[in-house]
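This is what each chain is made of:
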Amino acid sequence: SSAAMAAARGRALLPQLTPLWSWMRPRPGPRAPLCATAAAPSQPLYDVVVSGGGMVGSAMAAALGHDIHFHDKKIALLEAGPRKEYDHMPDSYSNRVSSISPGSATLLSSFGAWDHVCSLRLKPFRRMQVWDACSEAMIIFEKDDLDDMGYIVENDVIMSALTKQLDAVADRVEVFYKTRAVGYTWPLPSHSCDTTPWVQIELADGRRLQTKLLIGADGHKSVVRKEAEIKNIEHQYDQSAVVATLHLSEATDNNVAWQRFLPTGPIALLPLSDTASSLVWSTSHEHASELLAMDEESFVDSINSAFWSNINHSDFIDTAGAMFRSAISLLKPSGTAVRQLPPSVAKVDPESRAMFPLGMGHATEYVQHRVALIGDAAHRVHPLAGQGVNLGFGDIACLAHHLSAAAFNGTDLGSLKHLLKFETERQRHNVSLIAATDLLKRLYSTRLAPLVLLRTWGLQATNALPPVKVRI
Amino acid sequence: QLSLFRLTANRPFSTSHSSVDSEEIKKFQLLAHKWWDEEGEYSALHSMNDIRVPFIRDTLLSMSHNYHLGNPLSGVKILDVGCGGGLLSEPLARLGASVTGIDPLEDNIRTADQHKSFDPVLAKRIQYKSSSLEEIVEESMETFDVIVASEVVEHVADLETFTKCCSQVLKPEGSLFITTINKTQLSYVLGIVVAEKIMGIVPEGTHEWEKFVPLEELEHLLESNGFSVKTVKGMLYNPLWGSWSWMESTSLNYAVHAVKSGAQGPPGPTDAPSETDIQQHSATAGTA
């Protein structure tokens, strides 16, 4: 009877208090397509499926595959492209490189990939010099202990190392190459009907997979994110990045990463070896096309001019900057470091010039029931901070940690409760960094004197204050 | 007035040797389909897994010498008494154990069976039966390595019979894990008044303070039925975050680990280690 029902349900004075965490996430309703039919027994069921076999997706699959608590679990990695063989690294450097932070190196070594990277090639750098084209202001990042600040590694080298480590756990991790997921079917959060509780994935060739947890690592145009109807805040910058492999005029220790903020955008020189560096030049779309079209000599001249020319200085700014610098040196004698001069470029590798458009993006949610987003699928940043792939590796370290703990507790891997822990931890970390990067990009895109002065003084002050620099 | 032994409790209509209380059954009947809604009526039981599963797992790991990578409870036979919808059976099975879940309510078993059916690993490792503890004693003498009776003894009619049956189906030196609510003034105020009547953390009428089990009574009952109590820990529920934690005081919820004495009489050198030994082993188990 309804009275008995009401009694059993309990008429509390306050409405039933569901825990706070579930209030912060309104319970998702069923998504189209609705209730899946009972799955055919032939559809293989995986514990985790990672969609996207780039650096972040492959590293996620490898990290889980090497986790002791995942020893008996089934993992699948879906990659649209073909399997690439990396046995033999070409002599010339690839033009796509990443700046790998020590934290990322730690993650990669946790499942044995960093050793492979070291045995191939990488360039550690000890120092970062960042300065303004419109003033003398600069900031130098350096570690007091003689540790490396970071490493410049070609993306192909990282992929080679990851592929090797995936091969090593092939009994646990199944990699599907040339495989694209074309559709996802989401389960209802708490199923009381006869429908399957798992995520169903439809592949381009008609095969279907099921999984207890789907991890979307499919880049900034993530299909997983779209299909899960997770809102994405995004913004296209009016910029493209030009990349190229450069040869220096003379051999040098080359253990400094250089970045100069031009009004059109930052230009960076990342060391690859004693004689070679990688270029990442963010500039307007038109200028980027020009740079790609011009002959090699003019291209090299443009680069050298960008690093050395002072035409953007104004007397006013220079004087103001100099005054501020003297003021600081009175207060903190060691607060102004010696400015080093960037190397000059002699040659560019033919065929190594390329460009790609830049944008910013952030998913409003990183997780849902049985779904998690990592890497560019969750967040996309401007390369000026050299953080892009490091944020992705940070996501992996955090998610792998929570999934490992969940596996050791016998928890359902796709349960929203522990996925939310990952989301909270990473959003807290990522949002401020993404916002700061975006702000920096906007701040440095202007010649207007007040803003130049602000950032000049800001940069100088930051340079003089060790605690702030260490945080960065 | 409270009598120390509830054997003489005033229940004129219950069969004196059954641990199943028909009044209790009715309360759970209406919620038989709600087990697996993590944010619903059973949300507190879902989050209790975050502390009770590691407690069971680590205690058993510290007592054994083998560790199977990825399956810490591999080879362990567990009886989950009053399994409900299988909330505790499933994580234990995921850790490698073979679990038998029993519950007197058929609808609960039906829900549990249906939920495990989608996962082939669970479907193989868990068997559910609609039954009371007494009914399986005869066919399961000294069968199980571990019994878990979590949030059950406060609903049981005859605790002495219950304890005796546990002893009968447990192998010598097997482990018994119990979590329940203490019978104190505090548990009345927080466990009944606040939890049920004010905040609705637990559906009203779920618990009767009269049937809460004082810790001392449970310990006495266990010790006098061939068990040795090894560990007692207090538990605390934070309704704001919906999470459980351990605490010093046992005046609200508590967990007990007891070990059935070995086949040959008084404890000998081969008996299960004492509590301090277990804690030392737990500390080193993580680094093994």
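Residues numbered from 1 in each chain as written. Chains lettered and ligands numbered in written order. Predicted model: local features only at pLDDT ≥ 70, side-chain atom pairs only at ≥ 80, totals over all residues. Heavy atoms only, no water.

1. Looking at the overall build of chain A
Thinking step 1. Within chain A, the secondary structure is distributed over 14 helices and 20 strands.
Thinking step 2. Taken over 472 residues, chain A has a buried fraction of 53%.
Thinking step 3. Considering only contacts in chain A between residues 6 or more positions apart, those separated by 24 or more positions represent 77%.
Thinking step 4. Of the roughly 21100 Å² that chain A leaves accessible, carbon and sulfur atoms contribute 57%. (Helix = DSSP H or I, 4+ residues; strand = E, 2+ residues; numbered from the N terminus. Buried < 20%, exposed > 50% of the residue type's maximum accessible area, 1.4 Å probe, protein only. Contact = heavy atoms within 4.5 Å. Areas by Shrake-Rupley, 256 points an atom, 1.4 Å probe, with all protein chains shown as cover.)

2. A few points about the packing of aromatic side chains
Thinking step 1. According to the stated counting rule, one finds nine aromatic pairs over all chains in the structure shown.
Thinking step 2. For the pair A:Trp114 and A:Tyr151, a centre-to-centre distance of 5.1 Å together with 65 degrees between the ring planes defines the contact as edge-to-face. One end of the pair, A:Trp114, is in helix α5 (residues 113-120); the other, A:Tyr151, is in strand β7 (residues 150-154), with 37 residues separating them in the sequence. Across the pair, exposure class does not vary: A:Trp114 and A:Tyr151 are buried alike.
Thinking step 3. Pairing A:Tyr184 with A:Trp186 gives two aromatic rings, centres 5.6 Å apart and planes at 15 degrees, and the pair type is stacked.
Thinking step 4. Exposure remark for A:Tyr184: the relative accessible area of 3% places this residue in the buried category.
Thinking step 5. When its relative accessible area of 8% is taken as the criterion, A:Trp186 is described as buried.
Thinking step 6. Every member of this aromatic cluster is reached through a ring pair, and the members are B:Phe55, B:Phe177 and B:Trp246.
Thinking step 7. Its end group placed over the ring of A:Phe356, A:Arg96 keeps NZ or CZ at 4.1 Å from the ring centre.
Thinking step 8. The aromatic ring of B:Trp246 is capped on one face by B:Lys233, whose charged end is 4.5 Å from the ring centroid. (Phe/Tyr/Trp six-rings, centres within 6.5 Å; stacked < 30°, edge-to-face > 60°. Lys NZ or Arg CZ within 6 Å of the ring centre and 35° of its normal.)

3. Notes on the pairing of strand β17 (residues 354-363) of chain A
All names here are of chain A.
Thinking step 1. The pairing of strand β12 (residues 232-248) with β17 spans nine bridges and is antiparallel. The residue of β17 that forms the bridge with Glu234 is Gly361.
Thinking step 2. The pairing of β17 with strand β20 (residues 379-380) spans two bridges and is antiparallel. What sits directly across from Gly361, in β20, is Arg380. (Pairing = 2+ DSSP bridges.)

4. Considering the packing of α5(A) against helix α6 (residues 155-168) of chain A
Residue and element names in this part refer to chain A.
Thinking step 1. Contact geometry of α5 with α6 gives a least axis separation of 8 Å together with a crossing angle of 135 degrees. The angle between the axes of α5 and α6 places the two elements in the oblique class. Considering how the two elements wind past one another, α5 and α6 form a crossing that is right-handed. Taken together, the residues of α6 that come into contact with α5 (itself represented by Ala113, His116, Val117 and Leu120) are Val157, Ile158, Ser160, Ala161, Leu162, Lys164 and Gln165.
Thinking step 2. Considering only residue class, the contact of α5 with α6 consists of seven nonpolar, three polar and one charged. (Axes fitted to C-alpha atoms, helices over the stretch in contact; angles between N-to-C directions. Parallel < 35°, antiparallel > 145°, perpendicular 65-115°, else oblique. Left-handed = near helix turned anticlockwise from the far one by under 90°. Nonpolar A, V, L, I, M, F, W, Y, C, P; charged D, E, K, R; others polar.)

5. A few points about unusual backbone geometry
Residue and element names in this part refer to chain A.
Thinking step 1. If you check the backbone angles, Asn254 has positive phi at about 45 degrees while not being a glycine.
Thinking step 2. Inspection of the secondary structure puts Asn254 in the loop between β12 and β13 (256-262).
Thinking step 3. For Glu351, which is not a glycine, the phi torsion comes out positive at approximately 70 degrees.
Thinking step 4. For Glu351, the position within the fold is in the loop between β16 (345-348) and β17.
Thinking step 5. Judged by relative accessible area, Glu351 falls into the exposed class, the value being 80%.

6. Remarks on α6(A)
Thinking step 1. Under the 1.5 Å per step criterion, the end-to-end length of α6(A) is 20 Å for 14 residues, consistent within 8% with the ideal 20 Å.
Thinking step 2. When we look at burial in α6(A), the residues that qualify are A:Asn155, A:Val157, A:Ile158, A:Met159, A:Ser160, A:Ala161, A:Leu162, A:Thr163, A:Gln165 and A:Leu166. (Expected span 1.5 Å × (residues − 1).)

7. Focus: the nonpolar core
Thinking step 1. Of all hydrophobic cores here, the largest spans 75 residues; its most connected members are A:Ile201 and A:Ile215.
Thinking step 2. No other element matches the nine residues that helix α11 (residues 388-408) of chain A contributes to this core.
Thinking step 3. The residues touching A:Ile201, leaving out its near neighbours within four places in the chain, are A:Val49, A:Leu78, A:Ala181, A:Gly183, A:Tyr184, A:Arg207, A:Arg208, A:Leu209, A:Thr211 and A:Leu214.
Thinking step 4. The next biggest cluster of nonpolar side chains, apart from the first, holds 40 residues, and it includes B:Val53, B:Phe55, B:Leu60 and B:Ile78. (Core = buried A, V, L, I, M, F, W, Y, C linked by side-chain atoms within 4.5 Å.)

8. Considering the side chain of A:Ser98
All names here are of chain A.
Thinking step 1. Within the secondary structure layout, Ser98 lies in strand β3 (residues 97-100).
Thinking step 2. Residue classification places Ser98 among the buried residues on the basis of a relative accessible area of 9%.
Thinking step 3. One polar contact links Ser98 to Asn155, side chain to side chain, over a distance of 2.7 Å.
Thinking step 4. Dropping the residues within four chain positions of it, Ser98 is found in contact with Met55, Tyr151, Ile152, Val153, Asn155 and Val389. (Polar contact = N/O pair within 3.5 Å; in protein donor to acceptor, adjacent residues only side chain to side chain.)

9. Structural notes on the pattern of salt bridges
Thinking step 1. For the structure shown, the criterion picks out 20 salt bridges over all chains.
Thinking step 2. Linking A:Arg83 and A:Asp167 is a salt bridge whose minimum nitrogen-to-oxygen distance equals 2.9 Å. Linking A:Arg83 in the loop between β2 (75-78) and β3 with A:Asp167 in helix α6, this pair joins segments that are 84 residues apart in sequence.
Thinking step 3. With a relative accessible area of 41%, A:Asp167 lands in the partly exposed category.
Thinking step 4. The partner of B:Glu160 in a salt bridge is B:Lys164, with the nearest N and O atoms 2.8 Å apart. Taken as a pair, B:Glu160 and B:Lys164 lie in helix α7 (residues 159-169) at a separation of four residues, close to a single helical turn.
Thinking step 5. Linked by salt bridges that have partners in common, A:Asp47, A:Lys212 and B:Asp119 make up one network. (Salt bridge = Lys/Arg side-chain N within 4 Å of Asp/Glu carboxyl O.)

10. Digging into the packing of helix α4 (residues 102-110) of chain A against α11(A)
Residue and element names in this part refer to chain A.
Thinking step 1. One can describe the packing of α4 onto α11 by two numbers: an axis separation of 9 Å at closest approach and a directional angle of 50 degrees. Classified by the angle their axes make, α4 and α11 are oblique. Seen along the crossing, α4 lies across α11 with a hand that is left-handed. Here Ser104, Leu107 and Leu108 of α4 come into contact with α11, specifically with Asn390, Phe393, Ile396 and Ala397.
Thinking step 2. Looking at the contact of α4 with α11, its residues break down into five nonpolar, two polar and no charged.

11. Brief notes about the sheet that holds strand β8 (residues 253-260) of chain B
Strand pairing in a sheet relies on backbone hydrogen bonds. The paired strands run either parallel or antiparallel.
All names here are of chain B.
Thinking step 1. Read across the sheet, eight strands follow the order β3-β2-β1-β4-β5-β8-β6-β7 without closing on themselves; strand pairing throughout is mixed. The open sheet terminates on both sides in strands that have one partner only, identified here as β3 (126-130) and β7 (243-247). Each adjacent strand pair in this sheet contributes to an overall mean axis angle of 20 degrees, direction not counted.
Thinking step 2. Running at roughly 160 degrees to β3, helix α4 (residues 106-116) makes contact with β2 (98-103) and β3 of the sheet.
Thinking step 3. Sheet strands in contact with helix α9 (residues 215-223) are β5 (170-181), β6 (227-238) and β8, and its direction is about 155 degrees off that of β6.

12. So, the side chain of B:His115
Thinking step 1. Its location among the elements puts B:His115 in helix α4.
Thinking step 2. A polar contact of 2.7 Å, which involves the side chain of B:His115, links it to the side chain of B:Glu90.

13. Description of the confidence of the model for chain B
Note: predicted coordinates in regions of low pLDDT should not be interpreted at a detailed level.
All names here are of chain B.
Thinking step 1. Confidence in the prediction for chain B averages 84 pLDDT; 85% of positions are at 70 or higher.
Thinking step 2. Low pLDDT (under 50) marks residues 267-272, which in the prediction has six contacts with non-local residues, meaning those over four places away or in another chain.
Thinking step 3. Confidence drops under a pLDDT of 50 for residues 280-288, and excluding neighbours within four residues, the segment shows three contacts in the predicted structure.
Thinking step 4. Reported confidence for the predicted complex is 0.82 by ipTM and 0.84 by pTM. (pLDDT = per-residue confidence, 0-100.)

14. Some words on the state of the cysteines
Any covalent bond linking the sulfur atoms of two cysteines counts as a disulfide.
Residues and elements named next belong to chain B.
Thinking step 1. Applying the stated criterion across every chain, the model contains zero disulfides over all chains.
Thinking step 2. Cysteine Cys165 is unpaired, with the sulfur of Cys166 as its nearest cysteine sulfur at 7.2 Å.
Thinking step 3. The exposure class assigned to Cys165 is buried, which follows from its relative accessible area of 5%. (Disulfide = S-S within 2.5 Å.)

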